[in-house]
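A closer look at the structure
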Amino acid sequence: MRLDFISLFPEMLKPALSVGVVGRAVDKGAIESHYWNPRDYTSNKHRTVDDRPFGGGPGMLMLPQPLDDCIVEMQQQQQAAGVEQSPIIYLSPQGRRLDQALVKELSALPAITLLCGRYEGVDERLLEKHVSIEVSIGDYVLSGGELPALVVADAVARQLPGILGHEDSAEQDSFANGLLDCPHYTRPAEWQGREVPPVLLSGDHAAIAEWRQAQSIKRTNERRPDLLSTDNPSKPRSSGSE
Ligand SMILES: C[S@@+](CC[C@H](N)C(=O)[O-])C[C@H]1O[C@@H](n2cnc3c(N)ncnc32)[C@H](O)[C@@H]1O
């Protein structure tokens, strides 16, 4: 999968793509990353990428022209590399809230472009012209789209085939089957007077699976009842029962 990042701060992004699960995906060739800095597409000597908003108000906005030139060159390069049309995702607090369903949709695409805003955001006309979808990582405002873009990249990388080992399979994660994950324990079996639930030491795989499923439902009920079906609170909403 190809990830193109459009950002004024590629130096924030590159180190994060070199470690952990995402780094492994890059090393294995499952992710190919490209960085595009709108500042390289300015025509004035100060390499200005922002200006004041029409109508007044606080802050600055990203100018449309450097971004447009940057996107046009990126698309030409993608075309030359034989990349299918890559949707441009603008990271924005006003966008569709990122969830596991959207992560799965994105991870099935051959390429996506992540456009990171800065200042008070981007001139609306640029967004109208190029952006396919706006994505938010939650109802709070950050100073830039780089951290949200990394959140998307990390969540997507976990879904790519062969990136996670069997033990940390994404299928067992919270939300994968519509429920929260069950609690987990490792050695020692007794730690500071706290014991591991005996069923996990029993070697009875069916009983362990049953216990884990029951814990998942209990946890979801306690922490995120909104994920459960109202008709059948032992089933996730996404199971098709609603
Ligand atoms: C200071 S924010 C601009 C916020 C904008 N004025 C608004 O109120 O909707 C600067 C940039 O950070 C990014 N950003 C901030 N919060 C975000 C969030 N919750 N999800 C995704 N991107 C976010 C966006 O790319 C945005 O253009």
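Residues numbered from 1 in each chain as written. Predicted model: local features only at pLDDT ≥ 70, side-chain atom pairs only at ≥ 80, totals over all residues.

On to the overall build of the protein chain, then. The secondary structure content of the protein chain amounts to seven helices and nine strands. In the protein chain, which comprises 242 residues, the proportion classed as buried is 25%. For the protein chain, restricting intrachain contacts to residue pairs at least 6 apart in sequence, the fraction spanning at least 24 positions comes to 72%. (Helix = DSSP H or I, 4+ residues; strand = E, 2+ residues; numbered from the N terminus. Buried ≥ 20, exposed ≤ 12 C-beta atoms within 10 Å, placed from the backbone. Contact = placed C-beta atoms within 7 Å.)

Spanning 17 residues, helix α3 (residues 64-80) covers 24 Å between terminal C-alpha atoms, matching the ideal 24 Å at 1.5 Å per step. Every buried residue of α3 is listed here: P66, L67, C70, I71 and M74. The buried residues of α3 occupy an angular sector of 130 degrees when the element is viewed end-on, so they sit on one face. With respect to the buried face of α3, the exposed residues turned more than 90 degrees away are V72, Q76, Q79 and A80. Residues of α3 that are buried make contact with β1 (2-6), β2 (32-36), β4 (61-62), β6 (111-116) and α5 (124-130). (Expected span 1.5 Å × (residues − 1). Arc of directions from axis to C-beta.)

With four bridges connecting them, strand β5 (residues 88-97) and β6 associate as parallel partners. Across the sheet, the residue bridging to Y90 is L115, located in β6. (Pairing = 2+ DSSP bridges.)

Within the structure, the ligand sits among 19 residues, and L91, P93, G117, G145 and P148 are positioned closest to it. Here the shell around the ligand takes four residues from β5, the largest share from any one element. Grouping the constituent residues of the shell around the ligand by class yields eight nonpolar, nine polar and two charged. (Near = placed C-beta within 6 Å. Nonpolar A, V, L, I, M, F, W, Y, C, P; charged D, E, K, R; others polar.)

Attention now moves to the domain arrangement of the protein chain. Frequently, the measure chosen for interface size is the accessible area that the parts lose on association. Parsing the protein chain into structural domains produces domain 1 (2-159) and domain 2 (174-239). Once you take the C-alpha centre of each, domain 1 and domain 2 turn out to be 36 Å apart. (Domains from an automatic or database assignment.)

Quick look at the nonpolar core now. Ranked by size, the top nonpolar core spans 39 residues in total, and within it I89, L91, L114, L115, A149, V152 and A153 carry the most contacts. Elements that contribute at least two residues to this core include exactly β1, α2 (20-27), β4, α3, β5, α4 (100-107), β6 and α6 (146-159). By residue number, the principal contributor to this core is α6, which donates seven residues. Not counting residues up to four positions away in its chain, the partners in contact with L91 are L114, L115, C116, G117, V135, G145, P148 and A149. (Core = buried A, V, L, I, M, F, W, Y, C linked by C-beta atoms within 7 Å.)

A few words on the packing of α4 against α6. Relative to each other, α4 and α6 sit at 70 degrees, their axes nearing to 9 Å. By the angle class used here, α4 and α6 are roughly perpendicular. Residue-level inspection shows V103, K104, L106 and S107 of α4 in contact with α6, the latter providing V152, A155, V156 and Q159. Taken together, the residues of the contact of α4 with α6 sort by class into five nonpolar, two polar and one charged. (Axes fitted to C-alpha atoms, helices over the stretch in contact; angles between N-to-C directions. Parallel < 35°, antiparallel > 145°, perpendicular 65-115°, else oblique.)

This part takes up the pairing of β6. Burial of β6 is extensive: five of the six residues sit out of reach of the surface. With five bridges connecting them, β1 and β6 associate as parallel partners. Bridge pairing in β6 links D4 to T113.

A separate point is the sheet that holds strand β7 (residues 133-136). Within the open sheet, the five strands sit side by side as β2-β1-β6-β5-β7. Their pairing is parallel. Two strands bound the open sheet, and with one partner strand each, they are β2 and β7. Averaged over all pairs of adjacent strands, the angle between their axes in this sheet comes to 35 degrees, without regard to strand direction. Packed onto the sheet, α6 meets β1, β5, β6 and β7 and runs at close to 160 degrees relative to β6.

Counting through the fold element by element, P93 comes out in strand β5. Classification of P93 by C-beta neighbours within 10 Å gives partly exposed; the count is 18. Ignoring any residue separated from it by four or fewer positions in sequence, one finds P93 in contact with S136 and V141.

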